[in-house]
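Coordinate inspection notes
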Amino acid sequence: MKVVNFIKSSFVEFKENVTWPSFQDLQKDTIIVTIATVLLAIFLYIIDSVFAKILYNIYETLR
């Protein structure tokens, strides 16, 4: 019974007390997060490539 009461009170809390963002705000935030994710992925790819080349050169030198 406690679980049912918790779920009911949670639903009421979400319905009455939570201020939900507008659709326009959600679109703007989604675009910002997507751009940031793509930029971070590109940055990490570049860093990984640089370290891979450095390690390759070190291993070739030690051969």
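Residues numbered from 1 in each chain as written. Predicted model: local features only at pLDDT ≥ 70, side-chain atom pairs only at ≥ 80, totals over all residues. Heavy atoms only, no water.

A few points about the overall build of the chain
Basically, it comes down to this: Labels follow the DSSP assignment, with helices taken as runs of H or I lasting at least four residues and strands as runs of E lasting at least two, numbered in each case from the N terminus. Put simply, the radius of gyration uses C-alpha atoms, and a globule should come to 2.2 Å times the residue count raised to 0.38. Note on classification: 1.4 Å probe, protein chains only; a residue is buried when its accessible area is under 20% of the maximum for its type, exposed when over 50%, partly exposed between these limits. Only four residue types enter the charge count, namely Lys and Arg as positive and Asp and Glu as negative; His and the chain termini do not. All charge positions are set by atom: Lys at NZ, Arg at CZ, Asp at CG, Glu at CD.
Counting its regular elements, the chain contains two helices and zero strands. Computed over its C-alpha atoms, the radius of gyration of the chain comes to 24 Å, more than 25% above the 11 Å expected for a compact globule of 63 residues. With respect to the principal axes defined by its C-alpha atoms, the chain has extents near 70 × 35 × 10 Å. Looking at the chain as a whole, 2% of its 63 residues are labelled buried. Here the chain holds 6 positive side-chain charges and 6 negative ones, and the gap between their average locations is 7 Å.

Some remarks on helix H1 (residues 2-16)
Defined as follows: Each helix should span, by expectation, one fewer than its residue count multiplied by 1.5 Å.
Compared with the 21 Å implied by 1.5 Å per residue over 15 residues, the 21 Å span of H1 between its first and last C-alpha is a close match. With one of its 15 residues buried, H1 lies for the most part at the surface.

Some remarks on the pattern of salt bridges
What counts here: A side-chain nitrogen of Lys or Arg and a carboxyl oxygen of Asp or Glu constitute a salt bridge if their distance falls within 4 Å.
In this structure the tally under the stated criterion is one salt bridge. We note a salt bridge from Glu 60 to Arg 63, for which the minimum N-O separation is 3.9 Å.

With respect to the UniProt feature "transmembrane region" (unreviewed entry) in the chain
Applied cut-off: UniProt positions are given in the numbering used here, feature names are shortened, and annotations may be inferred rather than shown by experiment.
When the UniProt feature table is mapped onto this chain numbering, "transmembrane region" (unreviewed entry) sits at residues 31-56. Between the first and last C-alpha atoms of residues 31-56 the distance is 37 Å; the span itself is 100% helix and 0% strand.

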